[in-house]
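# Fold and contact review
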Amino acid sequence: LFTATGNPRLIEGKDTTVGDFMAYNIKTRRGRVKSATTRIEDAYFTGQKIVKSQKNELYVGKGDYTTCALVDTPHYFFYGEKIRLIPNDKIIAKPVVLTIGGAPVAALPYFIFPIERNRKSGILTPVWGGNPASGGYIDNVGYYYTPNDYVDLTTRARIREFSEFVLETSSRYNLRYRLDGSVSARYAFNADFLQSSRQW
């Protein structure tokens, strides 16, 4: 067991952890860090306390999660009172506040971020945005479904200022040497002060 102070840095493969205080058990590969910042692949975590379990899972207390390269002043981040990271699977956080440009824009009591590289069914990660000229929007609200290795189905929606609604569904299929292609459908409804339109 070793302890370290004075901005210690722990490097394990591609993962790096920096903090004010660090305690680490070499035998069990468990440790804890106070006022820590850690990088795991393309994601950055900052928290008052980060605990690493024997299964390589991370438990972050009062921390931020972002994939923005600007760690000190990220353009966006998710804040959670309790965050649990399961490597190559998912991030579980509760409650969650999405902050963009330093301003909180959305809050959820519970959220799961899938981080698995392979194909897996699950909820898509929504995207929020907008500006004063065109208004706000929420995009990529939907679900990705993979029943087997040969076909998938994606359904997503976009809502802008309660005046535009777009629903898209697409499916890809691939059976080697036999079938290969895709099919998609799109429905858009736009309602402004003067007229409304529907598109298929």
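Residues numbered from 1 in each chain as written. Predicted model: local features only at pLDDT ≥ 70, side-chain atom pairs only at ≥ 80, totals over all residues. Heavy atoms only, no water.

### Considering the side chain of Thr-154
Of note, Thr-154 is situated in strand β15 (residues 151-160). Aside from chain neighbours lying at most four places away, what touches Thr-154 is Leu-124, Tyr-143, Tyr-144, Glu-168, Thr-169 and Ser-170. (Helix = DSSP H or I, 4+ residues; strand = E, 2+ residues; numbered from the N terminus. Contact = heavy atoms within 4.5 Å.)

### Quick word on the pairing of strand β6 (residues 43-52)
Judged from the nine bridges that link them, strand β5 (residues 30-40) and β6 form a sheet pairing that is antiparallel. Along β6, the bridge assignment pairs Arg-39 with Tyr-44. Pairing between β6 and strand β7 (residues 58-66): eight bridges, direction antiparallel. Residue pairing in the sheet places Phe-45 in a bridge with Tyr-65 of β7. Joining the antiparallel neighbours β6 and β7 is a turn of five residues, in which Asn-56 adopts a positive phi near 70 degrees. (Pairing = 2+ DSSP bridges.)

### Some remarks on a nonpolar patch on the surface
A contiguous nonpolar patch, built from Ile-123, Tyr-143, Tyr-145 and Leu-153 and spanning about 400 Å² of accessible area, is present on the exposed surface. With respect to the secondary-structure elements, Tyr-143 resides in strand β14 (residues 135-145). A relative accessible area of 40% means that Tyr-143 is categorised as partly exposed. (Patch = residues over 30% accessible without salt bridge, like charges linked within 9 Å, V, L, I, M, F, W, Y side chains within 5 Å. Areas by Shrake-Rupley, 256 points an atom, 1.4 Å probe, with all protein chains shown as cover. Salt bridge = Lys/Arg side-chain N within 4 Å of Asp/Glu carboxyl O. Buried < 20%, exposed > 50% of the residue type's maximum accessible area, 1.4 Å probe, protein only.)

### So, empty space enclosed by the protein
If you walk through the whole model with that rule in mind, you get one cavity of 30 Å³ or more. Estimated volume of the largest cavity: approximately 30 Å³. As for the largest cavity, its lining consists of Phe-78, Val-96, Val-97, Leu-98, Ala-106, Ala-107, Leu-108 and Trp-128. Listed by contribution, the elements that provide at least two residues to the lining of the largest cavity are β9 (90-100) and β10 (103-108). In terms of residue class, the lining of the largest cavity is built from eight nonpolar, no polar and no charged. (1 Å grid on protein atoms, 1.4 Å probe; cavity = no way out; pocket = protein on both sides within 12 Å on 5 of 7 lines; lining within 4 Å. Points joined across faces, edges and corners; volume = space filled by probe spheres on them. Nonpolar A, V, L, I, M, F, W, Y, C, P; charged D, E, K, R; others polar.)

### Quick look at the packing of aromatic side chains
Aromatic ring pairs are reported here in terms of the distance separating the ring centres and the angle at which the planes meet. Scanning the entire structure with this criterion turns up four aromatic pairs. With a centroid separation of 4.5 Å and 50 degrees between ring planes, the pair formed by Tyr-187 and Trp-200 is classed as tilted. On the criterion of sequence distance, the pair formed by Tyr-187 in strand β17 (residues 179-191) and Trp-200 in the segment after β18 (196-199) is long-range, its members being 13 residues apart. By relative accessible area, which is 16% here, Tyr-187 ends up buried. (Phe/Tyr/Trp six-rings, centres within 6.5 Å; stacked < 30°, edge-to-face > 60°.)

### Things to note about the pattern of salt bridges
Under the counting rule described, the total for this entry stands at seven salt bridges. Note that Glu-164 and Arg-158 form a salt bridge whose closest N and O atoms lie 4.0 Å from each other. Via salt bridges that share partners, Asp-139, Arg-158, Arg-160 and Glu-164 belong to a single interconnected network.

### Re the side chain of Thr-17
Here Thr-17 is to be found in strand β3 (residues 15-18). On the basis of relative accessibility, which here comes to 13%, the residue Thr-17 falls in the buried class. Separated by 2.9 Å, the side chains of Thr-17 and Thr-38 make a polar contact. Apart from the residues within four sequence positions on either side, Thr-17 is in contact with Pro-8, Arg-9, Leu-10, Met-22, Val-33, Thr-37 and Thr-38. (Polar contact = N/O pair within 3.5 Å; in protein donor to acceptor, adjacent residues only side chain to side chain.)

### Examining the nonpolar core
Counting 20 residues, the largest nonpolar core has Phe-45, Tyr-65, Phe-78, Ile-83, Ile-91, Val-96 and Phe-113 as its most contacted members. The greatest single-element share of this core, amounting to four residues, is contributed by β9. Apart from residues no more than four positions distant in its own chain, Phe-78 is found in contact with Gly-63, Asp-64, Tyr-65, Val-96, Val-97, Leu-98, Phe-113 and Trp-128. (Core = buried A, V, L, I, M, F, W, Y, C linked by side-chain atoms within 4.5 Å.)

### Let's talk about unusual backbone geometry
A positive phi angle, close to 50 degrees, is found at Ser-35, a residue other than glycine. A relative accessible area of 44% means that Ser-35 is categorised as partly exposed. For Asn-140, which is not a glycine, the phi torsion comes out positive at approximately 65 degrees. For Asn-140, a relative accessible area of 17% gives the class buried.

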